[in-house]
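Geometric and topological summary
Next come the chains, spelled out residue by residue.
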Amino acid sequence: MLPADWRAELTGFLDEKATAALGEFVTAEYAEHTIYPPIEDLFAAYRLCPPAQTRVLILGQDPYHGPGQAHGLSFSVRDGVRIPPSLRNVFKELAADVGVAPPKSGDLTGWARQGVLLLNAVLTVRAGAAASHSGKGWEAFTDATIRALNARDDRVVFLLWGGYARKKAALIDNPAHVVLEAGHPSPLNRAGFLDSRPFSAANKALADGGRELINWDPRPEPAVS
(Lines give C-alpha, C1' and ligand atoms only; values in the text may rest on other atoms or scores of the structure.)
Protein backbone atom coordinates (compact mmCIF):
# COMPACT_ATOMS: atom_id res chain seq x y z
CA MET A 1 0.00 0.00 0.00
CA LEU A 2 2.99 2.32 0.38
CA PRO A 3 3.56 4.25 -2.88
CA ALA A 4 6.43 2.95 -4.99
CA ASP A 5 8.42 6.19 -4.84
CA TRP A 6 8.41 6.11 -1.04
CA ARG A 7 9.25 2.38 -0.99
CA ALA A 8 12.34 3.14 -3.07
CA GLU A 9 13.21 6.11 -0.87
CA LEU A 10 13.04 4.08 2.35
CA THR A 11 15.16 1.20 1.04
CA GLY A 12 18.30 1.08 3.11
CA PHE A 13 16.76 2.84 6.10
CA LEU A 14 14.52 -0.04 7.25
CA ASP A 15 15.23 -3.38 8.87
CA GLU A 16 13.50 -5.98 6.70
CA LYS A 17 12.54 -8.34 9.53
CA ALA A 18 11.25 -5.57 11.76
CA THR A 19 9.18 -4.13 8.92
CA ALA A 20 7.70 -7.57 8.17
CA ALA A 21 6.79 -8.01 11.85
CA LEU A 22 5.14 -4.59 11.86
CA GLY A 23 3.13 -5.55 8.78
CA GLU A 24 1.91 -8.73 10.43
CA PHE A 25 0.92 -6.86 13.59
CA VAL A 26 -0.97 -4.16 11.71
CA THR A 27 -2.78 -6.71 9.49
CA ALA A 28 -3.93 -8.64 12.56
CA GLU A 29 -5.07 -5.47 14.35
CA TYR A 30 -7.22 -4.36 11.41
CA ALA A 31 -8.71 -7.85 11.21
CA GLU A 32 -9.54 -8.13 14.91
CA HIS A 33 -10.24 -4.59 16.16
CA THR A 34 -11.54 -1.19 15.08
CA ILE A 35 -8.41 0.64 14.00
CA TYR A 36 -7.96 4.25 12.93
CA PRO A 37 -7.39 5.57 10.37
CA PRO A 38 -9.39 3.36 7.97
CA ILE A 39 -6.98 1.06 6.19
CA GLU A 40 -7.42 2.86 2.86
CA ASP A 41 -6.05 6.02 4.55
CA LEU A 42 -3.13 4.31 6.28
CA PHE A 43 -0.52 5.85 3.97
CA ALA A 44 -2.50 8.95 2.93
CA ALA A 45 0.34 11.28 3.95
CA TYR A 46 2.73 9.41 1.67
CA ARG A 47 0.24 9.14 -1.19
CA LEU A 48 -0.54 12.86 -1.21
CA CYS A 49 3.05 14.00 -0.75
CA PRO A 50 5.71 12.23 -2.87
CA PRO A 51 9.30 12.42 -1.56
CA ALA A 52 10.58 14.64 -4.37
CA GLN A 53 7.79 17.15 -3.66
CA THR A 54 8.16 17.15 0.13
CA ARG A 55 9.16 20.62 1.29
CA VAL A 56 7.86 20.66 4.87
CA LEU A 57 7.33 17.90 7.43
CA ILE A 58 4.96 18.39 10.38
CA LEU A 59 5.30 15.56 12.88
CA GLY A 60 2.49 14.39 15.11
CA GLN A 61 2.55 11.53 17.61
CA ASP A 62 -0.29 9.11 16.83
CA PRO A 63 -3.71 9.31 15.13
CA TYR A 64 -6.88 10.59 16.73
CA HIS A 65 -8.66 7.63 18.33
CA GLY A 66 -12.26 8.83 18.04
CA PRO A 67 -14.66 7.69 15.30
CA GLY A 68 -14.47 9.58 12.02
CA GLN A 69 -11.51 11.75 12.98
CA ALA A 70 -8.25 10.23 11.70
CA HIS A 71 -7.66 10.04 7.96
CA GLY A 72 -3.92 9.50 7.73
CA LEU A 73 -2.62 13.08 8.11
CA SER A 74 -1.14 14.40 11.35
CA PHE A 75 -3.30 16.99 13.17
CA SER A 76 -5.92 16.81 10.38
CA VAL A 77 -9.54 15.65 10.68
CA ARG A 78 -12.10 14.96 8.00
CA ASP A 79 -14.31 17.76 6.75
CA GLY A 80 -17.37 18.08 8.97
CA VAL A 81 -15.62 16.71 12.07
CA ARG A 82 -15.30 19.05 15.05
CA ILE A 83 -11.87 20.68 15.03
CA PRO A 84 -9.76 19.29 17.92
CA PRO A 85 -8.24 21.72 20.46
CA SER A 86 -4.64 21.36 19.24
CA LEU A 87 -5.66 22.07 15.66
CA ARG A 88 -7.64 25.11 16.83
CA ASN A 89 -4.41 26.47 18.26
CA VAL A 90 -2.60 25.69 15.00
CA PHE A 91 -5.25 27.74 13.18
CA LYS A 92 -5.00 30.52 15.76
CA GLU A 93 -1.25 30.75 15.14
CA LEU A 94 -1.83 30.52 11.40
CA ALA A 95 -3.99 33.65 11.56
CA ALA A 96 -1.53 35.54 13.76
CA ASP A 97 1.49 34.50 11.72
CA VAL A 98 0.45 34.74 8.07
CA GLY A 99 -3.05 36.22 8.20
CA VAL A 100 -5.00 33.12 7.15
CA ALA A 101 -8.46 33.26 8.70
CA PRO A 102 -9.16 30.11 10.74
CA PRO A 103 -10.73 27.54 8.38
CA LYS A 104 -14.08 26.04 9.32
CA SER A 105 -12.82 22.59 8.27
CA GLY A 106 -9.96 20.75 9.95
CA ASP A 107 -9.03 18.89 6.76
CA LEU A 108 -5.38 19.68 5.92
CA THR A 109 -5.32 17.84 2.59
CA GLY A 110 -4.64 21.19 0.90
CA TRP A 111 -1.30 21.39 2.71
CA ALA A 112 -0.41 17.79 1.89
CA ARG A 113 -1.02 18.33 -1.84
CA GLN A 114 1.50 21.19 -1.78
CA GLY A 115 4.35 19.19 -0.32
CA VAL A 116 3.67 19.23 3.43
CA LEU A 117 4.20 15.71 4.77
CA LEU A 118 1.74 15.44 7.66
CA LEU A 119 3.36 12.49 9.37
CA ASN A 120 2.47 10.82 12.65
CA ALA A 121 5.28 8.94 14.39
CA VAL A 122 2.80 6.06 14.88
CA LEU A 123 0.41 5.53 11.99
CA THR A 124 -2.35 3.48 13.61
CA VAL A 125 -4.32 3.32 16.88
CA ARG A 126 -7.11 1.21 18.35
CA ALA A 127 -10.45 2.95 18.72
CA GLY A 128 -10.69 4.75 22.04
CA ALA A 129 -7.18 3.77 23.14
CA ALA A 130 -4.64 6.55 22.67
CA ALA A 131 -1.06 5.42 22.03
CA SER A 132 -2.17 1.77 21.87
CA HIS A 133 0.14 1.08 18.92
CA SER A 134 3.16 2.90 20.31
CA GLY A 135 6.23 0.71 20.59
CA LYS A 136 4.98 -1.79 17.98
CA GLY A 137 7.42 -0.82 15.24
CA TRP A 138 5.91 2.26 13.62
CA GLU A 139 8.51 4.53 15.20
CA ALA A 140 11.34 2.82 13.29
CA PHE A 141 9.33 3.14 10.08
CA THR A 142 8.65 6.84 10.48
CA ASP A 143 12.19 7.52 11.73
CA ALA A 144 13.32 5.94 8.45
CA THR A 145 11.09 8.44 6.63
CA ILE A 146 12.81 11.33 8.41
CA ARG A 147 16.24 9.83 7.68
CA ALA A 148 15.34 9.41 4.00
CA LEU A 149 14.29 13.06 3.73
CA ASN A 150 17.45 14.07 5.58
CA ALA A 151 19.47 12.27 2.91
CA ARG A 152 17.93 14.36 0.12
CA ASP A 153 19.70 17.50 -1.12
CA ASP A 154 16.58 19.60 -1.77
CA ARG A 155 15.71 21.60 1.32
CA VAL A 156 13.07 20.26 3.67
CA VAL A 157 11.82 22.27 6.65
CA PHE A 158 11.04 20.09 9.67
CA LEU A 159 8.42 21.55 12.03
CA LEU A 160 8.84 19.73 15.33
CA TRP A 161 6.20 20.69 17.89
CA GLY A 162 6.39 19.40 21.45
CA GLY A 163 8.88 17.31 23.40
CA TYR A 164 8.23 14.06 21.56
CA ALA A 165 8.67 15.55 18.09
CA ARG A 166 11.68 17.65 19.11
CA LYS A 167 13.63 14.51 19.97
CA LYS A 168 13.58 13.68 16.25
CA ALA A 169 15.86 16.65 15.56
CA ALA A 170 18.76 14.28 16.29
CA LEU A 171 17.92 12.43 13.05
CA ILE A 172 18.42 15.57 10.93
CA ASP A 173 22.06 16.47 10.35
CA ASN A 174 22.16 17.48 6.69
CA PRO A 175 22.92 21.24 6.52
CA ALA A 176 20.67 21.51 3.47
CA HIS A 177 17.64 21.28 5.77
CA VAL A 178 16.13 23.48 8.48
CA VAL A 179 14.64 22.36 11.80
CA LEU A 180 12.12 24.68 13.48
CA GLU A 181 11.16 23.62 17.00
CA ALA A 182 8.30 24.86 19.16
CA GLY A 183 6.07 23.72 21.97
CA HIS A 184 3.12 21.45 21.28
CA PRO A 185 -0.05 23.25 20.14
CA SER A 186 -2.15 21.49 22.79
CA PRO A 187 -4.08 23.91 25.05
CA LEU A 188 -2.50 22.01 27.95
CA ASN A 189 0.82 23.54 26.91
CA ARG A 190 0.52 27.12 28.12
CA ALA A 191 3.67 28.42 26.42
CA GLY A 192 5.96 27.68 23.52
CA PHE A 193 3.66 27.29 20.53
CA LEU A 194 1.55 30.42 20.19
CA ASP A 195 3.72 33.28 18.88
CA SER A 196 6.30 30.80 17.52
CA ARG A 197 5.49 31.94 13.93
CA PRO A 198 6.31 28.58 12.28
CA PHE A 199 4.56 29.20 8.98
CA SER A 200 6.33 32.39 7.98
CA ALA A 201 9.63 30.94 9.23
CA ALA A 202 9.12 27.81 7.13
CA ASN A 203 8.45 29.87 4.02
CA LYS A 204 11.52 32.01 4.65
CA ALA A 205 13.63 28.86 4.95
CA LEU A 206 12.13 27.49 1.73
CA ALA A 207 12.83 30.74 -0.09
CA ASP A 208 16.42 30.76 1.21
CA GLY A 209 16.79 27.20 -0.12
CA GLY A 210 15.39 28.04 -3.54
CA ARG A 211 12.18 26.07 -3.08
CA GLU A 212 8.60 27.10 -3.78
CA LEU A 213 6.69 28.56 -0.85
CA ILE A 214 3.66 26.93 0.79
CA ASN A 215 0.27 28.59 0.54
CA TRP A 216 -0.72 27.99 4.15
CA ASP A 217 -4.45 28.37 3.54
CA PRO A 218 -5.54 24.69 3.50
CA ARG A 219 -8.94 25.42 1.97
CA PRO A 220 -9.39 24.22 -1.60
CA GLU A 221 -9.35 26.94 -4.21
CA PRO A 222 -12.83 27.82 -5.49
CA ALA A 223 -13.77 26.11 -8.72
CA VAL A 224 -13.39 28.20 -11.84
CA SER A 225 -16.75 28.58 -13.61
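Higher on the page you've got the structure.
Let me begin by describing the structure that accompanies this report. (Residues numbered from 1 in each chain as written. Predicted model: local features only at pLDDT ≥ 70, side-chain atom pairs only at ≥ 80, totals over all residues. Heavy atoms only, no water.)

**Considerations on the pairing of strand β3 (residues 116-120)**
Keep this limit in mind: For each residue, the accessible area found with a 1.4 Å probe, counting protein chains only, is set against the maximum for its type, and the residue is called buried under 20%, exposed over 50%, and partly exposed in between. Strands are runs of DSSP state E lasting at least two residues, helices are runs of H or I lasting at least four, and both sets are numbered from the N terminus onward. Pairing between two strands requires that DSSP report at least two bridges joining them.
Counting buried residues in β3 gives 5 out of 5 residues, a clear majority hidden from the surface. Going residue by residue along β3, you find Val116, Leu118 and Asn120 tucked away on one face and Leu117 and Leu119 tucked away on the opposite face as well. With 5 bridges connecting them, strand β2 (residues 56-60) and β3 associate as parallel partners. Across the sheet, the residue bridging to Ile58 is Leu118, located in β3.

**Regarding the sheet that holds β2**
The cut-off we apply is this: Between the N-to-C directions of two axes lies an angle of 0 to 180 degrees, each axis being a line fitted to C-alpha atoms and, for a helix, fitted only over the stretch in contact. Two residues form a contact once any of their heavy atoms are found within 4.5 Å.
Taken in spatial order, the 4 strands line up as β3-β2-β5-β6 in an open sheet, and their pairing is parallel. Only two strands of the sheet have a single neighbouring strand rather than two, namely β3 and β6 (178-182). Sheet twist, expressed as the average angle between the axes of neighbouring strands with direction ignored, equals 20°. By the bridge criterion, 4 bridges tie β2 to strand β5 (residues 157-161) in an arrangement that is parallel. Considered in β5, the bridge of Leu59 is made with Leu160. Of the strands in this sheet, β2, β3 and β5 touch helix α6 (residues 138-150), which is tilted by about 150° from β3.

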